[in-house]
Amino acid sequence: MSNASYPPNYARYGPPNVCERERDEDARMTVADWMTTPVMTLKPHDSLWHAHERLAKYRINQFPVVHEGKLVGIITDRDVRDAYPSGLKHLRSEDIEEFAEACTVGQIMTRAVVTISAQATIREAARRLRHHRIGALPVVDGDKLVGILTRSDLLAALLGER
């Protein structure tokens with residue numbers, strides 16, 4: 001079969017009807033279909049030490065921060081790492097632990113959280129992740145946290161894998 005009747009980029013993208021069908025399917029996929037739930041969270045009064053332990057234990061890059069059932073912030077592994085003093089290697093381990101117990105999640109979390117609704121499309125979620133250069137979107141219904149969509153969830157949606 002000759003590719004003469006298709007645009008020059010046919011070999012890369014396939015016949016136009018395949019692309020259009022995939023775009024239509026992408027438009028119908030919602031955040032609710034791919035978000036992770038229930039969501040592991042932290043509280044503003046949790047210690048930096050506690051956040052560090054949970055990030056390491058569960059191998060998660062970010063935790064939404066919830067107070068009285070409402071999303072109030074997000075904390076990432078980078079936030080935790082950057083919160084420690086730069087001269088860390090010159091401190092005794094007791095001093096490091098004391099610092100980590102005294103510092104709270106509420107002091108270092110990001111308060112202006114980029115969120116998305118469960119009804120939004122996966123395409124819109126991808127746009128927000130890319131635009132804001134972030135790794136996860138807390139999924140909210142009003143100010144209530146109902147899920148989280150991570151880069152890994154987005155890749156799973158793209159590949160059609162759970």
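Please read these numbers as outputs of a predicted model, since none were measured by experiment.

Chemist: Would you take a moment to explain the overall build of the chain for this structure?
Modeler: Tallying secondary structure elements over the chain gives 9 helices and 4 strands in all. Starting at the N terminus and walking to the C terminus, you meet the elements of the chain as α-α-α-α-β-β-α-α-α-α-β-β-α. Taken across its 162 residues, the chain has 35% of its residues classed as buried. Look at the contacts in the chain between residues 6 or more apart in sequence, and 59% of them connect residues 24 or more apart. Surface accessibility of the chain: about 10700 Å² in total, with carbon and sulfur atoms responsible for 50%.

Chemist: Explain the side chain of Asp79 to me, please; I cannot follow it from the model alone.
Modeler: Considering the arrangement of structural elements, one finds Asp79 in helix α5 (residues 77-83). Arg78 is the oppositely charged side chain nearest to the buried, salt-bridge-free Asp79, at an N-O distance of 7.1 Å. Filtering out sequence-adjacent residues up to four positions away, Asp79 remains in contact with Ile74, Ile108 and Thr110.

Chemist: Looking at this model, I keep getting lost on the pairing of strand β1 (residues 62-67). Mind explaining?
Modeler: Looking along a regular strand, one sees side chains alternate from face to face of the sheet. Where burial is concerned, most of β1 is hidden: 5 out of the 6 residues are buried. Two strands pair when backbone bridges link them, and β1 and strand β2 (residues 70-76) are joined in this way by 6 bridges, in the antiparallel orientation. Looking across to β2, one finds that His67 is bridged to Lys70.

Chemist: Got a minute to help me understand a nonpolar patch on the surface in this structure?
Modeler: A contiguous nonpolar surface patch, about 350 Å² in accessible area, is contributed by Leu155, Leu158 and Leu159. Within the fold, Leu159 resides in helix α9 (residues 151-159). Among the residues examined, Leu159 registers a relative accessible area of 57% and is labelled exposed.

Criteria and thresholds
- Residues numbered from 1 in each chain as written.
- Predicted model: local features only at pLDDT ≥ 70, side-chain atom pairs only at ≥ 80, totals over all residues.
- Heavy atoms only, no water.
- Helix = DSSP H or I, 4+ residues; strand = E, 2+ residues; numbered from the N terminus.
- Buried < 20%, exposed > 50% of the residue type's maximum accessible area, 1.4 Å probe, protein only.
- Contact = heavy atoms within 4.5 Å.
- Areas by Shrake-Rupley, 256 points an atom, 1.4 Å probe, with all protein chains shown as cover.
- Lys, Arg positive; Asp, Glu negative; His and termini not counted.
- Salt bridge = Lys/Arg side-chain N within 4 Å of Asp/Glu carboxyl O.
- Pairing = 2+ DSSP bridges.
- Patch = residues over 30% accessible without salt bridge, like charges linked within 9 Å, V, L, I, M, F, W, Y side chains within 5 Å.

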